[in-house]
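Structural overview for review
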Amino acid sequence: MRDKIFYGLGALGMLLLARNLYVIANFPPEAAQGAIFKIIFFHVPAAWTAIVAATTALVTSILFLTTKNFKYDAVAVASTEVGLAFLAINLVTGSIWGRVIWGIWWTWDWRLTSALVCWLLYAGYLMLRHAIEEPTQRATFAGVFSIFAFLDVPIVVMSIRWFRTQHPSPVFLSSTGSFPHDWTMVLLWNWVALLMIGVVMTAIRLGHEQTQREIDYVRRMAHAL
Amino acid sequence: MTAVSVDGVWKFYGDYPALRDVRLDADAGTCLALIGRNGAGKTTLLRTIAGFSKPGKGAIRIFGQEPRETETRRHIGVIGHGIAVYDELSAHENLTLYARLYGLPDPRRAALEWLEQTGLERVRDGLVREFSRGMRQRLAVARAFLHDPSVLLLDEPFTALDDRAIAVLQRLLREALANGKTVIMSTHQLREALELSSHVALLNRGAVAFHGACTAEMLADPGWVYARYGEG
Amino acid sequence: MAVTRELPDVAVKPATAERRRSSFARLVFVVMAKDLRAELRTKEAVNASLAFAVVILVLFNFAFDLDDPATRTIVGGLLWLVFAFAGTLVLNRSFARELPNDCLDALVAAPVSGATLFLGKALANYLLVLAVELVSLPVFGIFYNVWFPFGQMLVVLALGTWGITVIGTVFSALTVNIRLREVMLPMLTYPMLVPALMGSMVLTAQLATGIPIWGESATWLKVLVGFDVLYTAAALALVETVLVG
């Protein structure tokens, strides 16, 4: 039953995505930047999805540390991996965007820079997990790291933003120029679609984690015999 | 009076139970020998009683208190697999450090006393990294007894001790037991352990297979418990 | 030794909160002194750290044309890169030095809180890294003819180094017995330290160009202080969880 729900959610997400793509394709090109501006419909919601994933990871990490229930740890790692994937989408779309507009693959625009640092932060979480063998210690240390990482995110974003106001570099989204209302709606709908896909990816990853734990358990039992 | 009480303790590594529903008591003034094959859970049990890790289920009480309470820890002495002294410090500096950490009123004097007790007073200013193995072991014993603990948790303490160190440890343990201290000792050296012990517990795959008083039968044939209650 | 004793009253707590507080400070000092004494006896980490710092400072002259006055603005960044890298060599040792002989077990078993252990070690690390930095600073000045107003530079050093130390010490505990610890610690620590390193770099660059650190509304000072306070609190709260499984 649970699997069916996730299949359904995934299918719904794909349908929504398809519908959004159709709508986006039919929007007129943006005045200043042309067609490439439409990458924003994926670039921005991907980042928002990553934030949701990071928050989920924080909450479940704290829950694991207080309850020692491994289900929470499983959600924490699954959610972090999915968040990293979406943040990577944000970085790649940002890079493509910059390449098309300015001919350069990267610019130290404050949003992109913050995203990159946060990506490295959470990649560290995964590296830490890979390096610890014993499951309880792995989950505990990863949980503590997750809390530290989440605390850093707002400080990183704020300080890089402030740095870039002192040392400007090319910026994608200028605060001038309004975003048409119907575009905003599609942006939000696309976020919903990405969230649905994110949830499904997390569920799949959770399944892997459960299988891994069972294998771990059987292996330790075998060693003890 | 019950000094150490282990009540329905489970300890998990991931999902694997290293300790399964362990129930044990040790009264004050008694010595409990923990025996079992390697991997049976002796070290895990001792570490959990000492408060190094928390049990997944169940409770451990030392004189009715949690092992991790600061005041309780003052009364616990531990000898693990490592000697737990710093190579770069001298014997005296090591013992003074621990005396201070345990809040002893006169750390330096306590350190000197215990160096004498373990026959190390002549090398008190020598760095531990220059010590022979036997000297390091004796320093480890001094460290564990330094703060006059009421509960001693010893993980295979006789393993790899030289004769002099064994003699020191046996003397100290006899004195401690005579003074009403409690000792829980895991061991493979059945003979040395059973001479000192009043009780024996056999662990098998994380569960208690036998727990009872030390009998003449066991002293005569240390393998008796394994044969009777162990598995192969 | 006493002949017979009453059973210990383990439920007795220290009489006053004040005695407890001074005892905390005393125990932190004991732990700090232990780490400092052990390190200064071998000087392994500080020597390596200092040598590393000097070597990088030398290498920089091949990478940049530091006679060009325009490059005074990158000076802040360079210096803190050196400090971050050299500092890691010291911080790596922090909990790792407890591993031989299972000393960490004895510390955890002792009646000292995790916060005490952490603070003692962090302070020891702090002093060691500061010492390396204070030696590197005149070397840097001699090599590149860049001098900072000492008082203000000390403030930046004090704040920035504490940020590096706090994160580095906690992560030293997190990575104490994992594979590839020497590589893992920097990889985990540097992204987390971005705000502190940035703040320190900007303030140092300001000082190099004659702007006082409280110039431009002292924002970066506030960032550093906020970072230090936040992570010290987080570390003190979470270190017990890390040390007791």
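Scroll up a little and you will see the structure.
Heads up: these notes are all about the structure in this document. The model shown is predicted, which means the values in this text are computed figures rather than measured ones. (Residues numbered from 1 in each chain as written. Chains lettered and ligands numbered in written order. Predicted model: local features only at pLDDT ≥ 70, side-chain atom pairs only at ≥ 80, totals over all residues. Heavy atoms only, no water.)

Observations concerning the interface of chain C and chain A
Note the threshold: We call two residues in contact whenever any of their non-hydrogen atoms come within 4.5 Å of each other. Put simply, buried area is the surface a 1.4 Å probe can reach on two separate parts but cannot reach once they are joined, added for both. Basic side-chain nitrogens of Lys or Arg form a salt bridge, by our definition, when they fall within 4 Å of a carboxyl oxygen of Asp or Glu. Whenever two N or O atoms come within 3.5 Å, that pair is a polar contact, provided that in protein one can donate a hydrogen and the other can accept it, and provided that, for residues adjacent in sequence, both atoms are side-chain atoms. Strands here are runs of E lasting at least two residues and helices are runs of H or I lasting at least four, both read from the DSSP assignment and numbered beginning at the N terminus.
Listed per partner, the contact involves 31 residues of chain C and 28 residues of chain A. Summed over both sides, the interface of chain C with chain A buries roughly 2,600 Å², with 78% coming from carbon and sulfur. Summed over the shared surface of chain C and chain A, the result is 1 salt bridge. Residue Arg 179 of chain C is joined to Glu 133 of chain A by a salt bridge in which the shortest nitrogen-to-oxygen separation is 2.7 Å. If you look at where chain C meets chain A, you find 4 residue pairs in polar contact (both at pLDDT 80 or more). With 11 residues, helix α8 (residues 219–243) of chain C is the largest single contributor of residues to the side of chain C that touches chain A.

A few points about the pattern of salt bridges
This is how it is decided: Throughout this description, buried means an accessible area under 20% of the type-specific maximum (1.4 Å probe, protein chains only), exposed means over 50%, and partly exposed covers the range between.
Under the counting rule described, the total for this entry stands at 29 salt bridges over all chains. Close ionic contact of Arg 47 of chain B with Asp 105 of chain C constitutes a salt bridge, the shortest N to O distance being 2.8 Å. With Arg 47 of chain B in helix α1 (residues 42–50) and Asp 105 of chain C in helix α4 (residues 103–109), this residue pair bridges two chains. Taking the relative accessible area as the measure of exposure, Arg 47 of chain B reaches 32% and is therefore partly exposed. Overall, the relative accessible area of 22% leaves Asp 105 of chain C in the partly exposed class. Put simply, Asp 35 of chain C and Lys 34 of chain C hold a salt bridge, and the shortest N to O gap is 2.8 Å. Residue class for Lys 34 of chain C comes out buried when judged on its relative accessible area of 4%. One salt-bridge network, held together by shared partners, links Lys 34, Asp 35, Glu 39, Arg 97, Glu 98 and Lys 121 of chain C.

A few points about the sheet that holds strand β8 (residues 199–204) of chain B
Residues and elements named next belong to chain B. Put simply, the rule reads: The criterion for strand pairing is that DSSP finds at least two bridges linking the strands in question. Fitted lines through C-alpha atoms serve as axes, helices being fitted only where they are in contact, and the angles separating the N-to-C directions of these axes extend from 0 to 180 degrees.
Here 6 strands make up an open sheet; going across it, the order is β5-β6-β7-β3-β8-β9 and the pairing mixed. Each having just a single partner strand, β5 (76–79) and β9 (207–213) make up the two edges of the open sheet. The mean inter-strand angle of the sheet, taken between neighbouring strand axes irrespective of direction, is 15°. Sheet topology note: the β5/strand β6 (residues 151–155) ladder contains 4 bridges and is parallel. By the bridge assignment, Ile 79 is partnered in β6 with Leu 154. Sheet contacts for α1: β3 (31–35), β5, β6, β7 (182–186) and β8; angle to β6, the most-contacted strand, approximately 150°. Against the sheet, helix α5 (residues 133–145) makes contact with β5 and β6, and its axis sits at roughly 165° relative to β5, the strand it touches most.

Thoughts on the state of the cysteines
Residue and element names in this part refer to chain B. Operational definition: Two cysteine sulfur atoms make up a disulfide if the distance between them is within 2.5 Å.
If you walk through the whole model with that rule in mind, you get 0 disulfides over all chains. A disulfide-free cysteine, Cys 31 has its sulfur positioned 9.0 Å from the sulfur of Cys 214, the nearest such atom. Classification of Cys 31 by relative accessible area gives buried; the value is 2%.

Observations regarding unusual backbone geometry
Residues and elements named next belong to chain B. With a phi close to 55°, Ala 84 is a non-glycine residue in the positive phi region. By secondary structure assignment, the location of Ala 84 is in the loop between β5 and α3 (91–101). Given a relative accessible area of 4%, Ala 84 falls into the buried group. In this model, Asp 148 sits at a positive phi of 50°, which is unusual for a non-glycine residue.

Some thoughts on the nonpolar core
Across soluble globular proteins, you tend to see nonpolar side chains buried next to one another. Stated formally: Definition of nonpolar core: a set of buried residues of the types Ala, Val, Leu, Ile, Met, Phe, Trp, Tyr and Cys, connected through side-chain atoms within 4.5 Å.
Ranked by internal contacts, the top residues of the largest apolar core, which has 198 residues, are Phe 148 of chain A, Leu 101, Phe 145 and Leu 173 of chain B together with Phe 148 and Phe 171 of chain C. In this structure Leu 101 of chain B touches Leu 27, Val 30, Val 31, Leu 107, Ala 110, Pro 111 and Val 112 of chain C, once residues within four positions along its chain are discounted. Core analysis: the next-biggest nonpolar cluster, separate from the first, contains 12 residues, Phe 27, Phe 41, Val 44 and Leu 187 of chain A among them.

Here's the deal with the packing of aromatic side chains
Residue and element names in this part refer to chain A. Formally: A pair of aromatic rings is counted whenever rings of Phe, Tyr or Trp (Trp by its six-membered ring) have centres within 6.5 Å, and the orientation is called stacked for planes under 30 degrees apart, edge-to-face for over 60 and tilted otherwise.
Within the structure shown, the criterion is met by 21 aromatic pairs over all chains. Geometrically, the ring pair formed by Phe 27 and Trp 183 is stacked, given 4.9 Å between the ring centres and 15° between the ring planes. Residue Phe 27 is found in the loop between α1 (2–26) and α2 (40–67), and its partner Trp 183 is found in helix α6 (residues 181–224); the two are separated by 156 residues along the sequence. Each member of the pair, Phe 27 as well as Trp 183, is classed as buried. Look at Trp 106 and Trp 108: their rings are 5.7 Å apart centre to centre, the planes differ by 80°, and that puts the pair in the edge-to-face class. Classification of Trp 108 by relative accessible area gives partly exposed; the value is 44%. Connected via pairs of aromatic rings, a cluster forms that spans Phe 27, Phe 37, Phe 41, Trp 97 and Trp 183.

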